[in-house]
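# Residue-level structural notes
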Amino acid sequence: MHLETPLDSHAADEALILIVDDIARNLQVLGSILSENGFGVSVASSGQGALDAIAEQAPDIILLDIQMPDMDGFEVCRRLKLQAATRDVPVIFLTARTETEDIVRGFELGAVDYITKPFISQELLARVRTHLSVVRQNKRLADLNKEKDEFLGIAAHDLRNPLSKIQFIAEKMSYKADSFTPDLIKEASADIAHTVAGMMELVSNLLDVNAIEQGHLRTELNPIEIEHIVEHIVRDYDARAAKKKITLHYTHDPALPLVLADEVAIVQILDNLISNAVKYSPFNKSVTVRLLTETDAVRLEVEDAGPGISDDDQKKMFRKFARLSAQPTGGEHTIGLGLSIVKKLVEDIKAEISVRSVLGKGTTFIVRIPLASTDVTAAE
Ligand SMILES: Nc1ncnc2c1ncn2[C@@H]1O[C@H](COP(=O)(O)OP(=O)(O)OP(=O)(O)O)[C@@H](O)[C@H]1O
Ligand SMILES: [Mg+2]
């Protein structure tokens, strides 16, 4: 009979250590040291039991006894290293002091460390913690690496088209220089400028995400009058909306209180929300930006009558590089970074964002921005 019952229940974010030993006393000693120190523990009393337990739930670290009947620790380790799913789980061998050859063999099989019996609890804990931290750092690096790959993929994909367009125009201008009238030159350079603007947007969005993530773009919370900032950005979009015959409305409650926010963050948040509303709305619709007073916040709404966002898409929309069902209706660029930037900035300024959307009817993004002073009324 294999023993695979967890000794202790553990929270999801806490590390799970699997202890494998055929001697029940060892399982008990190690298990209680680890669980008393906040680790989740599961145990197995044989090699096969260990493989079964790992197949069910991969632990963060395995403490593996070498000498066991039927299948010894070396064989368990060898099998774990053969499979992609378990290859990266660190194995620490449990060994008697004298077994130097065993230690060497363990390392050759891919173990990261060994602990000698009898166990010294401080040593055990120190080694487990060290290897857990290595695992976490590796995971972070792997995640970062994946993100960089994604970044490169997107950048290569989204820069290639505009670059080849500019190349094409430049070549045409150089081959047929004689036939280029001032009007044609004007047209070609406007085309280049528009294409470059798209590339600049991509690059600056990517830089924004990186900067925000690395904390370079620190937000500074100050009391600000939001209505003029909002009006300014809305007016910036007039021309783009007009091109698609979209009417852009701006309304606000009279005498809005000051909000506590970062002006640059507000501009970026609103810029992205209005840009999306205009980008994904069909021609001839309207987009409304509203500022409303609430007891402890100013509520900013950006409402469109576009395609709406499905529940499924709503779950993904704040992720990076989320290009979802809705497509731009006027040939605009789409990178899938805008809302991920919005989400980070909203968190940074301690505001809240939510969305209300009905498919085929439209979407409203709602940002609640805290007031600069919530006890204004109490002071009257
Ligand atoms: N108002 C909206 N109505 C319908 N769909 C939307 C709306 N806003 C965003 N979406 C969907 O969510 C996706 C993610 O939006 P996000 O702003 O993050 O990226 P994007 O607009 O594609 O690119 P950019 O990085 O240039 O903002 C969009 O691709 C679109 O499918
Ligand atoms: Mg966008």
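Residues numbered from 1 in each chain as written. Chains lettered and ligands numbered in written order. Predicted model: local features only at pLDDT ≥ 70, side-chain atom pairs only at ≥ 80, totals over all residues.

Here we take up the overall build of the protein. Looking only at helices and strands, one finds 12 helices and 12 strands in the protein. Expected size for 380 residues packed as a compact globule is a radius of gyration near 21 Å; at 30 Å, the protein overshoots this value by more than 25%. Seen along its three principal axes, the alpha-carbon backbone of the protein occupies a region of about 85 × 75 × 35 Å. Taking all 380 residues of the protein together, the buried fraction comes to 26%. Relative to all contacts within the protein whose residues are 6 or more apart in sequence, the contacts with residues 24 or more apart total 68%. (Helix = DSSP H or I, 4+ residues; strand = E, 2+ residues; numbered from the N terminus. Rg over C-alpha atoms; globule rule 2.2 N^0.38 Å. Buried ≥ 20, exposed ≤ 12 C-beta atoms within 10 Å, placed from the backbone. Contact = placed C-beta atoms within 7 Å.)

Our next topic: the sheet that holds strand β12 (residues 362-370). The 5 strands lie next to each other as β7-β9-β10-β12-β11, forming an open sheet whose pairing is mixed. Only two strands of the sheet have a single partner each, and these edge strands are β7 (247-252) and β11 (352-358). Between one strand axis and the next, the sheet turns through 15° on average, direction left out of account. As paired strands, strand β10 (residues 297-304) and β12 are joined by 8 bridges and run antiparallel to one another. Each bridged residue has a counterpart across the sheet, and for Leu300 the counterpart in β12 is Val367. (Pairing = 2+ DSSP bridges. Axes fitted to C-alpha atoms, helices over the stretch in contact; angles between N-to-C directions.)

It is worth spelling out the pairing of strand β4 (residues 91-96) at this point. The buried fraction of β4 amounts to 5 of the 6 residues, a majority that puts the element mostly inside the structure. Here strand β3 (residues 61-65) runs beside β4; their pairing, made up of 4 bridges, is parallel. Among the inter-strand pairings, Asp65 is bridged to a residue of β4, identified as Leu94. Two strands pair when backbone bridges link them, and β4 and strand β5 (residues 113-117) are joined in this way by 5 bridges, in the parallel orientation. Considered in β5, the bridge of Ile92 is made with Asp113.

All right, on to unusual backbone geometry then. The residue after Lys117, namely Pro118, is reached through a cis peptide bond having omega -5°. Mapping Pro118 onto the fold places it in the loop between β5 and α6 (121-175). Phi is positive for Asp70, which is not a glycine, with a value near 65°. Accessibility expressed as a C-beta count within 10 Å gives 10 for Asp70, which makes it exposed. A positive phi is found at Phe321, a non-glycine position, where the angle reads about 60°. Residue class for Phe321 comes out partly exposed when judged on the 14 C-beta atoms lying within 10 Å of it.

According to the domain assignment, the protein contains domain 1 (16-119), domain 2 (145-213) and domain 3 (222-379). For domain 1 and domain 3, the distance between their C-alpha centroids amounts to 53 Å. (Domains from an automatic or database assignment.)

Taken together, 25 residues surround ligand 1, and among them Asn276, Ala326, Ile335, Gly338 and Leu339 come closest. Among the elements of the structure, α10 (263-280) and α12 (338-348) are those that each provide at least two residues to the shell around ligand 1. Take the shell around ligand 1: its biggest share by element is 5 residues, from α10. A breakdown of the residues in the shell around ligand 1 according to their chemical character gives 11 nonpolar, 11 polar and 3 charged. (Near = placed C-beta within 6 Å. Nonpolar A, V, L, I, M, F, W, Y, C, P; charged D, E, K, R; others polar.)

Attention now moves to the environment of Asp158. As for its position among the elements, Asp158 is in helix α6. Residues Asp158 and His333 lie 175 residues apart in sequence; the distance between their C-alpha atoms is 9.0 Å. Discounting chain neighbours no more than four positions away, the residues touching Asp158 are Leu202 and Ile335.

Another aspect to go through is the nonpolar core. General note: in soluble globular proteins, nonpolar side chains tend to be found buried as a group. Ala261, Ile269, Leu270, Leu273, Ile274 and Ile369 are the most contacted members of the largest nonpolar core, which totals 35 residues. Listing elements by their share of this core, those giving two or more residues are α7 (182-213), α8 (226-236), β8 (259-261), α10, β9 (286-293), β10, α12 and β12. Considering every element that reaches this core, the biggest residue donor is α10, with 8 residues. Non-local contacts of Leu270, meaning those with residues more than four positions away in its chain, are made with Val230 and Ile233. Ile17, Ala53, Ile54 and Phe74 belong to the second-largest nonpolar core, a separate cluster that totals 32 residues. (Core = buried A, V, L, I, M, F, W, Y, C linked by C-beta atoms within 7 Å.)

In this section: the sheet that holds strand β1 (residues 16-20). The strand order β2-β1-β3-β4-β5 describes an open sheet built from 5 strands, whose pairing is parallel. The open sheet has two free edges, formed respectively by β2 (40-44) and β5, since each of these has just one partner strand. Averaged over all pairs of adjacent strands, the angle between strand axes in this sheet comes to 20°, irrespective of strand direction. Two elements, β1 and β3, share 4 bridges in a ladder whose sense is parallel. Looking at the pairing, Val20 lines up with Leu64 of β3. Strand contacts of helix α1 (residues 24-36): β1, β2 and β3, with the helix running at about 170° to β2, the strand carrying the most contacts.

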